[in-house]
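# Structure at a glance
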Amino acid sequence: MHRISLVISIAALLLSGVVLLAHSVSAQSGEEGQLQPADAALYESVTMDCLDVKYKLGEIHRTDRLLRVTLGEGYDNMSSNLMDRLNSRIVQNRLDGGELVRIASEFEEAHATFRENYTEYDDAMLDLLKANCQSRTQTYYLELQETKELRRVVHEDVGTLSTLMQRYHDAFKDLRQEIERSAEEESE
Amino acid sequence: MIARVKQPIPDDAAAKKLPYRVTFVAMISGAIVIALLLVLLSMYLYNRSGAAQLDLSLPGLQEQRMKAQKTERFESFSASGPLNEDALDQFNQSYTGQQSAILQDKDGFAPDELNDEPRNISAEK
């Protein structure tokens, strides 16, 4: 009886160990990135102060986190508390707000893209912070360049969202002029 | 009065029934394994859903957490009512305020911050 219970306990512990090991292996393989061994030969020599680079990357990562939270909150307010609500009022008042609805929809899509791209960038940044820079400098450098590219994509997303906000405001001003014009016509 | 006679369990049935302690240990072990799998699943969802990127509760992010808490409350716009001049003014005010707050960070995530020169990195092809 004792032997059976011992076997069951060991089996459970082994299963837990296998699951944890699989998780850590998958995390580690993600850390290695998608670089091929031949990519490391792209650069003949790469020199960097690994400690300094990692420290500065850590600082950038912390600043980015705050920026992501601030911008995310701002975009949520813009979409849920302003655009959607004005669109709802336009429909209630039976006005023509097709352009505003279209831009709001584009904004929502661009916001989702920003979230996805930031997650990808953040994962790459975390991989850089965890990776061993000293033993694999060339690969680390290539990963840094890839992360820089992902950051550029996120930066472009921020620009796209800013443009859409401006377009929505321009469309709002047009609608406002139309409402005022029709009010004047009614009063005459 | 009818006397109740305890029926003896046949030998083969008694042999098939697992002892109480074994069942108990199997149950506890199973619960541990299931809990572990659920923790892994929740960690996966936490990382994939984007919640991890918004989590400033990590020990290294104390300064950022303090800054994030200082953000002002936002006055939202009502979803119902007439669209008269007052309502349009109120919307315009809220919108421009929110837009200018967001545009303060329009240069956010500039790729130049990861350039080689400030990092003292040199690479030769």
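Here we summarise the structure given alongside this text. Note on numbering: residues in each chain are counted from 1, in written sequence order. To read the labels, note that chains go from A and ligands from 1, taken in the order they are written. pLDDT decides what is reported in this predicted model: residues at 70 or higher carry local features, side-chain atom pairs at 80 or more are listed and counted, and totals for whole chains, interfaces and linings draw on all residues regardless. Hydrogens and water molecules were not included; the side-chain quantities draw on all heavy atoms of the structure.

### Comments concerning the overall build of chain B
Numbering of helices and strands runs from the N terminus; a helix is a DSSP stretch of H or I covering at least four residues, while a strand is a stretch of E covering at least two. For chain B, the helix and strand inventory stands at 5 helices and 1 strand. Walking chain B from its N terminus toward its C terminus, one meets helices and strands in the order α-α-α-α-α-β. Counting across all 125 residues of chain B, residues that qualify as buried make up 26%. Total accessible area on chain B stands at roughly 9400 Å², and carbon and sulfur atoms take up 58% of it. Here's how the labels work: a residue is buried when its accessible area is under 20% of the maximum for its type, exposed when over 50%, partly exposed in between, all with a 1.4 Å probe on protein chains only. In these tables, accessible area is a Shrake-Rupley quantity obtained with a 1.4 Å probe, and a residue counts as shielded only by the protein chains included in the view.

### Considering a nonpolar patch on the surface
All names here are of chain B. Patch criteria: residues need more than 30% relative accessible area and no salt bridge. Like-charged residues are merged within 9 Å; nonpolar side chains of Val, Leu, Ile, Met, Phe, Trp and Tyr are merged within 5 Å. The salt bridge definition used is simple: a Lys or Arg side-chain nitrogen within 4 Å of an Asp or Glu carboxyl oxygen. A surface patch of nonpolar side chains, amounting to about 580 Å² of accessible area, comprises Y20, F24, M27, I28 and I32. In this fold, I28 is placed in helix α2 (residues 20–48). For I28, a relative accessible area of 40% gives the class partly exposed.

### Some details on a negative patch on the surface
Residue and element names in this part refer to chain A. When charges are tallied, Lys and Arg are placed among the positive residues and Asp and Glu among the negative ones, while His and the ends of the chain are skipped. By convention, charge coordinates are those of NZ in Lys, CZ in Arg, CG in Asp, or CD in Glu. Among the surface-exposed residues, E73, D76, D84, E108 and E109 lie close enough to one another that they form a single negatively charged patch. Secondary structure elements with two or more residues in the negative patch: α2 (50–92) and α3 (98–130). Here the negative patch gets 3 residues from one element, more than from any other, and that element is α2. Mapping E73 onto the fold places it in helix α2. Accessibility expressed as a relative area gives 39% for E73, which makes it partly exposed.

### Describing the interface of chain A and chain B
Residue contacts are defined here by distance: any two heavy atoms, one from each residue, within 4.5 Å place the two residues in contact. The partner chain B presents 66 residues to the 74 residues of chain A that form the contact. Taking both partners together, chain A and chain B bury about 6600 Å²; carbon and sulfur atoms supply 66% of that area. Linking chain A with chain B are 2 salt bridges. Each polar contact in these results corresponds to two N or O atoms within 3.5 Å; when the atoms are within protein, one needs to be able to donate a hydrogen and the other to accept it, and residues that are neighboring in sequence are counted only if both atoms are side-chain atoms. Viewed at the interface, chain B and chain A are joined by 18 residue pairs in polar contact (both at pLDDT 80 or more). For the side of chain A that touches chain B, the elements supplying multiple residues, two or more each, are α1 (2–32), β1 (45–47), α2, α3 and α4 (137–187) of chain A. When its residues are assigned to classes, the side of chain A that touches chain B shows 35 nonpolar, 22 polar and 17 charged. The term buried area means the drop in 1.4 Å probe accessible area that two parts suffer when joined, counted for both and summed. Any residue outside Ala, Val, Leu, Ile, Met, Phe, Trp, Tyr, Cys, Pro, Asp, Glu, Lys and Arg is labelled polar, Gly included; the first ten of those are nonpolar and the last four are charged.

### Brief notes about the nonpolar core
Core analysis: the largest hydrophobic core is formed by 46 residues, its most contacted members being L86 and Y168 of chain A. Of all the elements in the fold, those that place two or more residues in this core are α2, α3 and α4 of chain A together with α4 (85–103) of chain B. Counting residues per element, this core draws most heavily on α4 of chain A, at 13 residues. The nonpolar core is taken to be a set of buried Ala, Val, Leu, Ile, Met, Phe, Trp, Tyr and Cys residues, with the residues joined through side-chain atoms within 4.5 Å. Grouped together as the second largest cluster of nonpolar side chains are 5 residues, V69 of chain A together with L56, L61 and A68 of chain B included.

### Considering the packing of α2 of chain A against α4 of chain A
All names here are of chain A. Following both chains from N to C, one finds α2 and α4 inclined at 25 degrees, their axes separated by 12 Å at the closest point. The orientation of α2 relative to α4 falls into the category roughly parallel. As α2 packs across α4, the resulting crossing turns out to be left-handed. Contacts between α2 and α4 involve V53, K54, L57, I60, D64, L71, Y75, M78, M83, L86, N87 and I90 on the former and, on the latter, Y140, L144, R151, V158, L161, M165, Y168, F172 and L175. Axes here refer to lines fitted to C-alpha atoms; in helices the fit is confined to the stretch in contact. Angles between the N-to-C directions go from 0 to 180 degrees. By definition in this entry, angles of less than 35 degrees are roughly parallel, angles greater than 145 are roughly antiparallel, angles of 65 to 115 are roughly perpendicular, and the rest are oblique. A clockwise turn of the near helix away from the far one marks a right-handed crossing, whereas an anticlockwise turn of less than a right angle marks a left-handed crossing.

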